[in-house]
Amino acid sequence: SVGRPLSGAAFAGWLDGLFAAIPDFTVEIVSAEAVGDQRIAEQWVIKGTWTKPFPVGRLAGVQPTGKSFTVPGAGFLEWKDGKIVSSTQYFDQMAFLTQIGVIAQK
């Protein structure tokens, strides 16, 4: 989660940073169902290993731990005139940060 709306170049830059820090990042779609005429509800699982520094953002400057993660999430995609106009995604950021070793497990 980036905590703020992103579009265009800002979104592309965020993705570039994510893929730079986690080169093996994958998304597995678990399910996707139509909700009305212009919305899809989806469930997914993200996986990867934090092996390189994040170039920007809250984790910039933090050394990678080499730890892997598997985190489920869900979201909604909306489109108009054949183009995605909104993507709202939810995942357990605490689980992500714990699994990659940024937050200590209790």
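Quick note: structure is the one above.
Just so you know, these numbers come straight off a predicted model, no measurement behind them. (Residues numbered from 1 in each chain as written. Predicted model: local features only at pLDDT ≥ 70, side-chain atom pairs only at ≥ 80, totals over all residues. Heavy atoms only, no water.)

Draft legend 1. Representation of the overall build of the protein in the model. Each helix and strand counted, the protein has two helices and four strands in total. Starting at the N terminus and ending at the C terminus, the protein contains elements arranged as α-β-β-β-β-α. Each principal axis of the C-alpha atoms in the protein carries an extent, and together these give about 45 × 30 × 20 Å. Taken over 106 residues, the protein has a buried fraction of 23%. (Helix = DSSP H or I, 4+ residues; strand = E, 2+ residues; numbered from the N terminus. Buried < 20%, exposed > 50% of the residue type's maximum accessible area, 1.4 Å probe, protein only.)

Draft legend 2. How the structure looks around the pattern of salt bridges. One pass over the structure, following the stated rule, counts one salt bridge. For the salt bridge of Glu-78 with Arg-39, the shortest nitrogen-to-oxygen distance reads 3.0 Å. Of the two residues, Glu-78 is situated in strand β3 (residues 68-80) and Arg-39 in strand β2 (residues 39-49); the sequence distance between them amounts to 39 residues. (Salt bridge = Lys/Arg side-chain N within 4 Å of Asp/Glu carboxyl O.)

Draft legend 3. Examining the nonpolar core more closely. Counting residues in each nonpolar core, the largest one holds 14 residues, and the members touching the most others are Ile-22, Phe-54, Phe-69, Phe-96 and Ile-100. Elements with a minimum of two residues in this core: α1 (8-21), β2, β3 and α2 (93-99). In this structure Phe-96 touches Ile-22, Phe-69, Val-71 and Phe-91, once residues within four positions along its chain are discounted. (Core = buried A, V, L, I, M, F, W, Y, C linked by side-chain atoms within 4.5 Å. Contact = heavy atoms within 4.5 Å.)

Draft legend 4. Quick peek at the pairing of strand β1 (residues 26-34). Taken together, the eight bridges between β1 and β2 define a ladder with antiparallel strand orientation. Pairing of Ile-29 across the sheet is with Trp-44, part of β2. From the end of β1 to the start of β2, which pair antiparallel, there are four residues, and Gly-36 there has a positive phi angle of about 80°. (Pairing = 2+ DSSP bridges.)

Draft legend 5. The arrangement of the sheet that holds strand β4 (residues 83-91) in detail. An order of β1-β2-β3-β4 is seen for the four strands of this open sheet, with the pairing classed as antiparallel. Sheet topology places β1 and β4 at the edges, where each strand pairs with a single neighbour. The sheet shows a mean angle of 25° between the axes of neighbouring strands, direction not considered. (Axes fitted to C-alpha atoms, helices over the stretch in contact; angles between N-to-C directions.)

Draft legend 6. Broad picture of the pairing of β2. Of the strand pairs in this sheet, β2 and β3 are connected by eleven bridges, and their pairing is antiparallel. Note that in β3 the partner of Arg-39 across the bridge is Glu-78.

Draft legend 7. How the structure looks around unusual backbone geometry. Of note in this structure, Asp-81 is not a glycine but carries a positive phi near 55°. Tracing the chain through its elements places Asp-81 in the loop between β3 and β4.

Draft legend 8. Spotlight on the side chain of Glu-42. Its location among the elements puts Glu-42 in strand β2. Of the side chains bearing the opposite charge, Arg-39 lies closest to the buried Glu-42, which forms no salt bridge; the N-O distance is 11 Å. There is a polar contact of 3.3 Å between the side chain of Glu-42 and the side chain of Gln-89. Look past the residues within four positions of Glu-42 in its chain and what remains in contact with it is Ile-29, Ser-31, Ala-32, Gly-73, Ala-74, Gly-75, Leu-77 and Gln-89. (Lys, Arg positive; Asp, Glu negative; His and termini not counted. Polar contact = N/O pair within 3.5 Å; in protein donor to acceptor, adjacent residues only side chain to side chain.)

Worth remembering: the numbers are spatial, not functional.
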